[in-house]
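Survey of secondary and tertiary structure
Listed here are the chains, written in short residue letters.
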Amino acid sequence: MRNLGIRVDSESLTLLRRPSVRSGQQTPACKHRLFTSALLIAIFAMASALSYASSNKSDLRLAVINDVPSTQLAIQILSAAYEKLGIRIETSVFPSRRALLMADQGRVDGDLFRVEEVASQYPNLIQVPYPLMQGHLLAIVSAPHGDHLPEVVSRPLVAAVRRGVIIAETTANRLGMKPILANSYRQMKDLLEQGRVDLMLVSDIEGLSPANNSDWRSLVILSEPITRFSLFHYLHRHHLELALPLADVLRRMDHSGERSRIVEEARGNITSESC
């Protein structure tokens, strides 16, 4: 049976307190009513949690994108978080946009992680309101250009982006660049070295990036990120009850240092050989 970690503490009871009109102190009868109300709230919360647990016995299935280093890290963080709620997660690999569609239609239970803007674009997806990971978008150019974007005349910059990495596509469009979609990071590197694109836009999420690959040392990573972003976990609205408890777990993992330990271990174990 799943333990959803429902707690009723003194903060939760603040709204139940009513000062005496005459003296500002509570009478014994009032205190008894307060205790009874608090007990009823606790019983109701526990009953709701047990009801959810008993009616959702199967593991949650999440849509994920394959061959992205940060996917493995996100799975590790969420596996640890869901385990604290008595839930195991399974993953199914889909192309990026199809993964969103599968989650939005409820054909899977949620999407592993997306940028914040997804919350307003897919009404059936509920954002777990605590960031899962932080990242930034890097611009990578060939060595002759130095630490700045290439200068071109009478045409937009042409940027190679990984197919399905929506933050890279949308950023390229927002900056007036022409995005060229590649099926792998290796293909992006080939396009740059062959002179078919002016730059690559590559994500670095929690220190995990294909740019860390030793094969990329001949290229130049611009010192200033193009943009920074937060990534959130999303659930289908049928699992709305899990959003806040999961956010609370992620917050506690962050504050306790557990999340940092998972990230550090992942940096040592997850290679960037998904190029």
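Residues numbered from 1 in each chain as written. Predicted model: local features only at pLDDT ≥ 70, side-chain atom pairs only at ≥ 80, totals over all residues. Heavy atoms only, no water.

**Observations concerning the overall build of the chain**
Filter applied, for reference: A helix here means a DSSP run of H or I that spans at least four residues, while a strand means a run of E at least two residues long, and both kinds are numbered starting from the N terminus. Contacts were defined at the residue level, with two residues in contact if any of their heavy atoms lie within 4.5 Å. Here, Shrake-Rupley sampling with a 1.4 Å probe gives the accessible areas, and only protein chains in the shown set may cover a residue.
When you go through the chain residue by residue, the secondary structure sums to eight helices and 10 strands. Considering only residue pairs separated by 6 or more positions, the chain has 77% of its internal contacts joining residues 24 or more positions apart. Put simply, the chain shows about 14900 Å² of open surface, and 51% of that area lies on carbon and sulfur atoms.

**Quick word on the packing of aromatic side chains**
Short version of the rule: Any two rings among Phe, Tyr and Trp, with Trp reduced to its six-membered ring, count as a pair given centres within 6.5 Å; such a pair is stacked if its planes are under 30 degrees apart, edge-to-face if over 60, and tilted if neither. The criterion is that NZ of a Lys, or CZ of an Arg, lies within 6 Å of the ring centre and within 35 degrees of the ring normal, and then a charge sits over that ring.
Across all of its chains, the model carries zero aromatic pairs by this definition. Geometry around Y185 places R162 over its ring, the cationic atom sitting 4.9 Å from the centre.

**Side note on the packing of helix α2 (residues 69-83) against helix α8 (residues 258-269)**
Short version of the rule: Geometry is summarised by axes, namely lines fitted to C-alpha atoms with helices restricted to the contacting stretch, and by angles between N-to-C directions that run from 0 to 180 degrees. Roughly parallel refers to an angle under 35 degrees, roughly antiparallel to one over 145, roughly perpendicular to one between 65 and 115, and oblique to any angle outside these ranges. Take the far helix as your reference; a near helix turned counterclockwise from it by less than a right angle gives a left-handed crossing, and one turned clockwise gives a right-handed crossing.
Contact geometry for α2 and α8: axes closest at 10 Å, N-to-C directions at 150°. With respect to α8, the element α2 is oriented roughly antiparallel. Relative to α8, α2 is oriented so that their crossing is right-handed. Touching L73, Q76, I77 and A80 of α2 are E258, R259, I262, V263 and A266, all from α8.

**Observations concerning the side chain of K189**
Relative to the helices and strands, K189 is located in helix α6 (residues 185-193). Every residue in contact with K189, bar those within four places of it in the chain, is listed here: M200, D215, W216 and L219.

**So, α8**
Helical periodicity: at 3.6 residues per turn, an α-helix aligns residues three or four positions apart in one direction. The criterion, for reference: Working rule for helices: expected span equals 1.5 Å times residues minus one. Accessibility here uses a 1.4 Å probe with only protein chains present; expressed as a share of the type maximum, an area under 20% marks a residue as buried, one over 50% as exposed, and anything in between as partly exposed. This arc is built from the directions going out from the helix axis to the C-beta atoms.
Here α8 spans 17 Å end to end across 12 residues, near enough to the 16 Å set by a 1.5 Å rise per residue. Buried residues of α8: R259, I262, V263 and A266, and no others. Down the axis, α8 shows its buried residues gathered within 100° of arc, on one side only. Among the exposed residues of α8, those pointing more than 90 degrees away from its buried face are R261, E265 and G268.

**With respect to the nonpolar core**
So the rule is basically this: Residue types Ala, Val, Leu, Ile, Met, Phe, Trp, Tyr and Cys, when buried and joined through side-chain atoms within 4.5 Å, form a set referred to as a nonpolar core.
Residues L73, I77, Y82, M133, M200 and L201 are the most contacted members of the largest nonpolar core, which totals 76 residues. Once residues lying within four places of it in the same chain are set aside, the contact partners of L201 are L137, L138, A139, A159, A160, V161, A168, A172, M177, M188 and I226.

**Describing the pattern of salt bridges**
Pairs can form between side chains of opposite charge whenever their charged atoms are close. Put simply, the test is: In the sections that follow, a salt bridge refers to a side-chain nitrogen of Lys or Arg positioned within 4 Å of a carboxyl oxygen of Asp or Glu.
Tallied over the entire structure, the rule returns 10 salt bridges. Here D111 ties to R114 by a salt bridge, and the two come within 2.9 Å at their closest N and O atoms. For D111, a relative accessible area of 2% puts it in the buried group. We classify R114 as buried; its relative accessible area is 5%. Note that D248 is salt-bridged to R252, the shortest N-O span being 3.1 Å. Highlighted residues: D248 and R252, both in helix α7 (residues 240-256), separated by four residues, approximately one helical turn. According to the relative accessible area criterion, D248 is partly exposed, its value standing at 24%. If you follow the salt bridges from partner to partner, you end up with D248, R251 and R252 in one network.

**Describing the packing of α7 against α8**
Filter applied, for reference: Gly is put with the polar residues, along with every residue not named as nonpolar or charged; the nonpolar set is Ala, Val, Leu, Ile, Met, Phe, Trp, Tyr, Cys and Pro, and the charged set is Asp, Glu, Lys and Arg.
At a minimum axis distance of 4 Å, the contact between α7 and α8 shows a crossing angle of 75°. Considering their axes alone, α7 and α8 lie roughly perpendicular with respect to each other. Contacts from M253, D254 and S256 of α7 reach α8 at E258, R259, R261 and I262. Of the residues contributing to the contact of α7 with α8, the split by class is two nonpolar, one polar and four charged.

**Some thoughts on the pairing of strand β6 (residues 158-162)**
Let me state the cut-off plainly: Strand pairing requires that DSSP identify at least two bridges connecting the strands. Orienting the strands away from the viewer, one traces the path from the first strand over the helix to the second; a clockwise path indicates a right-handed crossover.
Most of β6 sits inside the fold, with five of its five residues counted as buried. Side-chain alternation along β6 places V158, A160 and R162 on one buried face and A159 and V161 on a second face that is also buried. By the bridge criterion, five bridges tie β6 to strand β7 (residues 178-182) in an arrangement that is parallel. Considered in β7, the bridge of A160 is made with I180. Read as a crossover between parallel neighbours, the route from β6 over helix α5 (residues 166-174) to β7 is right-handed. Bridging between β6 and strand β8 (residues 199-205) involves three bridges; their strand directions are parallel. Bridge pairing in β8 links A159 to L199.

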